[in-house]
Amino acid sequence: MNLIKDGDRAIIGHDGIYKIMVVKKGKHASFAKHKFAWDACIGRSWGHTWQIQQGKLEKLDSNEACGESVVSKVLDNIQSGADNRNAADLSEKGQNLERECIMEMREEKKGEELIEKIARGNADFESKTRFTQEKFVRHKQKKHGGRIEILKPSMNLIVHQKLAVERTKGAYFDVHEFATMIAMANIHANSKVLLADHSSCFLSGAILSKLKGGSGELVSVFQGQLGDSPPHVPLQNYEFPDEVWDQLLYYPAKSLGKATISGDFELPELKDEDEDLPPQAKKQKTDTEDNKREEDKSRISRRERQEKRLKKYSRAVELMKEKLECLIIAPKHHPLPWLFMLLPFLKPSCPFVVYCDKKEPLMEIFNKLHERKSAVMLSINSVFERTVQVLPMRTHPEVHMPGNRGYVLYGISVL
Amino acid sequence: MGFFEFRDTIQENDTVIIYISNDDLFPITVKKGEVKQTKFGAIKHNEIIGKKFGSRYDCARGYVFLLFPNPEIWTLALPHRTQILYTPDISRIVFELGLSNGKVVCESGTGSGSLSHALTRGIYPAGHLHTVEFHEERSKKARQEFEDHGLSKNITVYHRDVCAEGWPAEVDHKADAVFLDIPAPYKAIEHVKRALKLEGGEFCNFSPCIEQVQETCVKLREKGFTNIKTIECINSQTTVKTSHFPMPDFGVDYKDLEAAGVMPTNCEKIGTYVKRLEKGAKPKTRNLKEEDEKAENAVEKEELKLSECNFVVKSALAKRSQYGHTGYLTFARLPPRDESL
Ligand SMILES: C[S@@+](CC[C@H](N)C(=O)[O-])C[C@H]1O[C@@H](n2cnc3c(N)ncnc32)[C@H](O)[C@@H]1O
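Residues numbered from 1 in each chain as written. Chains lettered and ligands numbered in written order. Predicted model: local features only at pLDDT ≥ 70, side-chain atom pairs only at ≥ 80, totals over all residues. Heavy atoms only, no water.

## Structural notes on the overall build of chain B
- In terms of regular secondary structure, chain B is built from 10 helices and 15 strands.
- Over its C-alpha trace chain B gives a radius of gyration of 27 Å, far above what one expects of a compact globule, namely 20 Å for 341 residues.
- Along the three orthogonal principal directions, the C-alpha set of chain B runs to about 85 × 55 × 30 Å.
- Relative to its 341 residues, chain B shows a buried fraction of 50%.
- Here the analysis covers contacts within chain B between residues at least 6 apart in sequence; of these, 67% occur between residues at least 24 apart.
- As displayed, chain B offers around 15,900 Å² of accessible surface, 51% of which is attributable to carbon and sulfur atoms.
- In chain B, 47 side chains carry a positive charge and 49 a negative one; their mean positions are 2 Å apart. (Helix = DSSP H or I, 4+ residues; strand = E, 2+ residues; numbered from the N terminus. Rg over C-alpha atoms; globule rule 2.2 N^0.38 Å. Buried < 20%, exposed > 50% of the residue type's maximum accessible area, 1.4 Å probe, protein only. Contact = heavy atoms within 4.5 Å. Areas by Shrake-Rupley, 256 points an atom, 1.4 Å probe, with all protein chains shown as cover. Lys, Arg positive; Asp, Glu negative; His and termini not counted. Charge placed at Lys NZ, Arg CZ, Asp CG, Glu CD.)

## Looking at the sheet that holds strand β2 (residues 24-29) of chain B
Residue and element names in this part refer to chain B.
- Pairing is antiparallel across the open sheet formed by 4 strands, whose spatial order is β2-β1-β6-β5. Bordering the open sheet on either side are β2 and β5 (56-59), each of which pairs with just one other strand. For this sheet, the mean inter-axis angle between neighbouring strands, taken without regard to orientation, is 30°.
- As paired strands, strand β1 (residues 15-21) and β2 are joined by 6 bridges and run antiparallel to one another. Residue pairing for β2: Y19 is matched across the bridge by L25. (Pairing = 2+ DSSP bridges. Axes fitted to C-alpha atoms, helices over the stretch in contact; angles between N-to-C directions.)

## Brief notes about the confidence of the model for chain B
Residues and elements named next belong to chain B.
- On average, chain B scores 90 in pLDDT, and the residues at 70 or more come to 92%.
- In the model, residues 283-290 has pLDDT below 50 throughout and makes 8 contacts with residues more than four positions away in sequence or in other chains.
- Here the predicted complex scores 0.90 on pTM and 0.89 on ipTM. (pLDDT = per-residue confidence, 0-100.)

## Some words on the nonpolar core
- Among the nonpolar cores identified, the biggest contains 143 residues, and A:F178 and A:F352 are the most heavily contacted of them.
- The residues touching A:F352, leaving out its near neighbours within four places in the chain, are A:L327, A:L339, A:L343, A:L346, A:L369, A:A375, A:L378, A:L409, A:Y410, A:G411, A:I412 and A:S413.
- The next biggest cluster of nonpolar side chains, apart from the first, holds 20 residues, and it includes B:L180, B:A195, B:L196 and B:F225. (Core = buried A, V, L, I, M, F, W, Y, C linked by side-chain atoms within 4.5 Å.)

## Notes on the sheet that holds strand β5 (residues 49-53) of chain A
Residue and element names in this part refer to chain A.
- The antiparallel open sheet is built from 5 strands, whose spatial order is β2-β1-β7-β5-β6. Looking at which strands have only one partner, the edges of the open sheet turn out to be β2 (17-22) and β6 (56-59). Across this sheet, the average inter-strand angle for adjacent strands is 35°, counted without regard to direction.
- Relative to strand β7 (residues 147-151), β5 runs antiparallel, the two being bridged by 3 bridges. Looking at β7, one finds that W50 is bridged to I148.

## Some remarks on the domain arrangement of chain A
Residue and element names in this part refer to chain A.
- Domain parsing of chain A yields domain 1 (1-152) and domain 2 (155-413).
- Every contact between the two is made by 10 residues of domain 1 and, on the other side, 10 residues of domain 2.
- Interface of domain 1 and domain 2: buried area, both sides summed, is about 920 Å²; carbon and sulfur atoms make up 64% of it.
- Together, R9, I20 and F131 form the three largest contributors to the area buried by domain 1 at its contact with domain 2, with a combined 56%.
- The interface formed by domain 1 and domain 2 includes 1 salt bridge.
- Counting the contacts that link domain 1 with domain 2 gives 3 residue pairs in polar contact (both at pLDDT 80 or more).
- Elements that contribute at least two residues to the side of domain 1 that touches domain 2 include exactly β1 (9-14), β2 and α5 (130-144).
- Tallying contributions element by element places β2 first for the side of domain 1 that touches domain 2, with 3 residues.
- A per-class count over the side of domain 1 that touches domain 2 returns 5 nonpolar, no polar and 5 charged. (Domains from an automatic or database assignment. Buried area = accessible area lost by both parts, 1.4 Å probe. Salt bridge = Lys/Arg side-chain N within 4 Å of Asp/Glu carboxyl O. Polar contact = N/O pair within 3.5 Å; in protein donor to acceptor, adjacent residues only side chain to side chain. Nonpolar A, V, L, I, M, F, W, Y, C, P; charged D, E, K, R; others polar.)

## A word on empty space enclosed by the protein
- Counted by the stated rule, this structure contains 5 cavities of 30 Å³ or more.
- The space that makes up the largest cavity amounts to roughly 130 Å³.
- Looking at the largest cavity, it is lined by 16 residues, and the ones nearest its centre are A:N186, A:H188, A:E325, B:F6 and B:F68.
- Residues that form the lining of the largest cavity fall into these classes: 9 nonpolar, 5 polar and 2 charged.
- Considering only enclosed or pocket space, the second largest cavity measures out at about 110 Å³ in volume.
- Lining the second largest cavity, in full, are A:M155, A:A179, A:I182, A:A183, A:I187, A:K210, B:S91, B:V94, B:F95, B:A118, B:R121 and B:G122.
- Taken together, the residues of the lining of the second largest cavity break down into 8 nonpolar, 2 polar and 2 charged. (1 Å grid on protein atoms, 1.4 Å probe; cavity = no way out; pocket = protein on both sides within 12 Å on 5 of 7 lines; lining within 4 Å. Points joined across faces, edges and corners; volume = space filled by probe spheres on them.)

## Here's the deal with the UniProt feature "binding site: S-adenosyl-L-methionine" (unreviewed entry) in chain B
Residues and elements named next belong to chain B.
- Per the UniProt record, the feature "binding site: S-adenosyl-L-methionine" (unreviewed entry) sits at S112, G113, S114, L115, E133, D161 and D181.
- Here S114 shows up in helix α4 (residues 114-123).
- A residue is classified by how much of its surface remains accessible, and S114, at 3% relative accessible area, is buried.
- Sequence-distant contacts of S114, defined by excluding residues within four places in its chain, comprise T75, L78, I84, L85 and I90.
- Within polar-contact distance, the side chain of S114 engages the side chain of T75 at 3.0 Å.
- Tracing the sequence through the fold places L115 in helix α4.
- Residue contacts for L115: discarding those within four places in its chain leaves L85, I90, I93, E107 and F179. (UniProt positions renumbered as here; feature names shortened; annotations may be inferred.)

What follows is the structure, encoded as structure tokens:
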């Protein structure tokens, strides 16, 4: 059985709002301004829902864990009106309780009691219909309820959490586009994957978690030059064992141009010491993925590190010469040069996907591929997704839905 | 053959996908001496053995491509025995179920096996798919197909009624994830719960009608599932086409109209033009591209008048009618059942 341990990474939150944190015995953390101590959850199962109560975690029984249980509890002894003819308008003389007062009450009152207080503090709450009241309670419960789930990180949860954070910062792929890319690229644990990913390595993390336990390998072509490693990737949330890191290989883009023209792939030379590097280059290097990881893991010598990097480069070259079985491209740059640079390293009859948040660059690629007759099954995909609220007598699509969507070009290479 | 063990060369007994166009592709099982008739003419099996996957095969009246199957291509090529799920829904289902190598997943109904292949890819090579279908003939055909695709070790098909009996007792509390695509999913939730691991797991339901979703959600809440969420995905798939807009003829040269300040821009600069074909000239063919290029050059050389030209636009076009609503996807999570832990 899998239980929560001190030092584990955990995904905590509720209703689609999550954070990734490290469980620390004797320490506090906070979620939505609710502060709590971790101790109560250590040694318990993953996946429970907890109530934050005066700074402590209290496990909820499964019949209480569902948000709807709060709705019925709170409204149990509250009257309701037949319709809203006498109800105050939304913005008018609504809440009688001051915000500070609510924040103070959060400290002492139990979840449902607090919500009931807030409800009663609302002008003529009892004259409103049951449906209006339920909606109100659901909303306040999300905001002030102080409930969290503590979940074991998995690829889909990590991606959901990360994408939700990133999307608030601007154009980025969303969960559906991400899912489409991973599926259409036909990735399974034994796949040989070629990747150009500049999406803060979302894709490398997800792909590696798919390759885990299989014979698959991932060749990541990164923007950099001979001797570099890819930028430090925020993959610690996955807590991959060492074997998975061995499945990650890479090769720098700046050496690829020459290699495709001459067929000769350069490899970095082993140097005894890095001392001859200018200090600036050294500084840059400490930011790279394998350095960081390995530095805090143990004191492997520079030499060994270089050897390890050389091994990753050489294996990547071997695989590129043999050609790989799927190709994924999600660059910051124009995707067309990336695709035509990497397509020769894809075996015939294998899928490729290209992500772009604009359609036009993909249309350009589509035309060129069509002209060269180098691919079939070409299509450009985007999806219109909406969430539906499903409740007895109150089912409807939600008001908010994602606006600008990205596009995924799909094709199969042919001879 | 191994559906997920890519191989370069076609061998006897392989499942090969014959690609004619995005809307016209079908599978064949390669057998020495057999011949397959297509609209372009015959495909002789003997001639494709030893060829590379991805190569072109010339028939009498056109050519096809020989492709290695994968779940997305299979979904488009498979013989339909039922309604099936398509890639936009499938990719989301597989993602949300959190599948990875070694996991155990339960499905019902198997139907035409469109989803089953993608579920299996998610758990391949160490995991297992237990799929239940109450239509005997369909369950047999699916079992045969999975065997032909080299997936028997990863998929078991059971012929039974999932609402009455659920999955076999050996599967109890073994599943990491369960998926339903049947007319009355709300009647099977108890069995879903039985199949899922005691430490909890993921559930997904696909239903075309909102009434089924409604009842399923009520049942899920009743049985202690949390994080119940329903979404609808409508995929828009486009291909790129070239369109021609004839330029109107006002009896004078466009240059003069620009000089007079009537035309707001230098029309020649705003894009590409091709000479309009004379009446009775060879009509546009599918292979327009090369002709376009020749014609484009012609515009430059001969200084053609724009009024004799077509303005060329490349645009992304969807089909006139495409899949809109397929169904609602409902996701839910079952928390661990042991309250003491
Ligand atoms: C729409 S099809 C599923 C299609 C499948 N998801 C696919 O992608 O190919 C539904 C299938 O469920 C089967 N089915 C319906 N009710 C069932 C039940 N109670 N037990 C087992 N199978 C059932 C039907 O026979 C049918 O083949």
